[in-house]
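Summary of structural features
Spelled out, the chains give:
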Amino acid sequence: MKAAFATLVVLVATLTAHASATQEHPLEDGANVIPAADEPGLEDDLRELRAAGVDLAVIVINTTGRESIDAYARRRAADWATGNSPAAVFVLAINDRKSRLEVSDPLRDKFPDARAQSILDNIKGYLRSKDYTGGIRAVITEVKNGIGGIAPDLESPHPQVDDPPGVVAPAVQAPLEPTYEPPPKKKNNALLVAVAFGGGCLLIGAFLWARSRISQRATFTANGVIQSDRPLWMETLWCVLLIFGGIFYIAGILLASTSSTRNGYSSSSSTWGSSTGGSSFSGGSSSSSSSSSSSSGGGWSGGGASSSW
């Protein structure tokens, strides 16, 4: 009975020690990889960072499961802080070998995404050597330097980053001299076919029209012979000219109507813009969209960076 009670006490103590990050305990080690002796010092550093102006939470887990580390970090960030003040969340997924530094919107002017990315890339040496305490301390230091306007420390004392075992760097090959070959000329047969087809249709139509015109004007002699005042080939040529003239006449009318309509639209649109104040309307629209985008994430609009080691 006493053994069971002791086991229950140890289990409750373990769950309490690795509960979700709170303002009092901003470090959450759900993967049990941070030595117990290092946790008080890390939490003291996080509290000092909060006093300096940034509320940073450190969350260490085994895996994010099917959820991406970006979505996981943003969800935990929304639970950690409202995002209306300078805040950040650093997530380490040990089994996934991924990290994410989520930055709130008010912090991004002093802590842009490029700086967050450089910090995550620079602590890969700590993470690959399983020195998670050193990696977390490096992040805390860099965040503190960022809000203080200090340039990022991208040199030592960070450990050297080596490629994981089994990764072979690709061999560097000398660049090949480019050879220029002119592209083969393509024959535009479609245009020729279209011209031939249109010309054939035009001649056939002109020929049929010419026969109709001749039959209407023709007279019959006493012997039953048809007499016409113009031969068939000349009448066909005349019909071709009539068809072309009609086409150009219709095209001219369409061009004139299009030009007048376009001028009318431009004058009316300029009058509408000056009378209704288009610039004021546009400004109101943009401010509305920006306010909705900033409020949609509660101050966490995806600022920060992700990396894998």
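Look above for the structure.
Residues numbered from 1 in each chain as written. Predicted model: local features only at pLDDT ≥ 70, side-chain atom pairs only at ≥ 80, totals over all residues. Heavy atoms only, no water.

1. Side note on the overall build of the protein
In terms of regular secondary structure, the protein is built from nine helices and seven strands. Contacts spanning at least 24 positions in sequence make up 69% of the contacts within the protein whose residues lie at least 6 apart. Carbon and sulfur atoms provide 62% of the accessible area of the protein, an area that totals close to 20000 Å². (Helix = DSSP H or I, 4+ residues; strand = E, 2+ residues; numbered from the N terminus. Contact = heavy atoms within 4.5 Å. Areas by Shrake-Rupley, 256 points an atom, 1.4 Å probe, with all protein chains shown as cover.)

2. A short note on the packing of helix α2 (residues 39-52) against helix α6 (residues 132-147)
Between α2 and α6, the least distance of the axes is 11 Å, while the angle of their chain directions is 10 degrees. In terms of orientation, α2 lies roughly parallel with respect to α6. Where α2 approaches α6, its residues L42, D45, L46, L49 and A52 are matched on the opposing element by T133, I136, R137, I140, V143, K144 and I147. (Axes fitted to C-alpha atoms, helices over the stretch in contact; angles between N-to-C directions. Parallel < 35°, antiparallel > 145°, perpendicular 65-115°, else oblique.)

3. Structural notes on the pattern of salt bridges
A side chain with one charge can pair with a side chain of the opposite charge if their charged atoms come near. Following the criterion strictly, the structure yields 11 salt bridges and no others. Here E43 ties to R47 by a salt bridge, and the two come within 3.3 Å at their closest N and O atoms. Note that E43 and R47 are positioned in helix α2 at a spacing of four residues, about one turn of the helix. Residue E43 is classed as buried on the basis of its relative accessible area, which comes to 10%. One salt bridge connects K124 with D121, and the closest N-O pair in it is separated by 3.9 Å. What makes K124 buried here is its relative accessible area of 17%. Overall, the relative accessible area of 32% leaves D121 in the partly exposed class. Linked through salt bridges whose partners overlap, the residues forming this network are D70, R74, R100 and E102. (Salt bridge = Lys/Arg side-chain N within 4 Å of Asp/Glu carboxyl O. Buried < 20%, exposed > 50% of the residue type's maximum accessible area, 1.4 Å probe, protein only.)

4. Considering unusual backbone geometry
One non-glycine residue, N32, lies in the positive phi region at around 55 degrees. Looking at the secondary structure, you find N32 in the loop between β1 (27-29) and α2. Phi at R97 is positive, roughly 55 degrees, even though this residue is not glycine. Checked against the element boundaries, R97 lands in the loop between β3 (87-93) and β4 (98-103).

5. Digging into the nonpolar core
Counting 33 residues, the largest nonpolar core has L56, F90, L92, L101, F111, I123 and I136 as its most contacted members. Taken together, the elements giving at least two residues each to this core come down to α2, β2 (55-61), β3, β4, α4 (113-122), α5 (124-128) and α6. A per-element tally of this core places α6 first, with seven residues. Excluding residues that lie within four positions of it along the chain, I136 makes contacts with I34, L42, V58, V60, F90 and L92. (Core = buried A, V, L, I, M, F, W, Y, C linked by side-chain atoms within 4.5 Å.)

6. Overview of the sheet that holds β4
If you trace the five strands from one edge of the open sheet to the other, you get β1-β2-β3-β4-β7, paired in mixed fashion. Because the sheet does not close on itself, it has two edges, and the strands there are β1 and β7 (303-308). Averaged over all neighbouring strand pairs, the angle between strand axes comes to 10 degrees, with direction disregarded. In the packing of α2 onto the sheet, the strands contacted are β1 and β2, and the crossing angle to β1 comes to about 145 degrees. With respect to the sheet, helix α3 (residues 69-80) is in contact with β1, β2, β3, β4 and β7, its orientation differing from that of β4 by roughly 40 degrees. (Pairing = 2+ DSSP bridges.)

Function-wise, these values are silent; they only describe arrangement.
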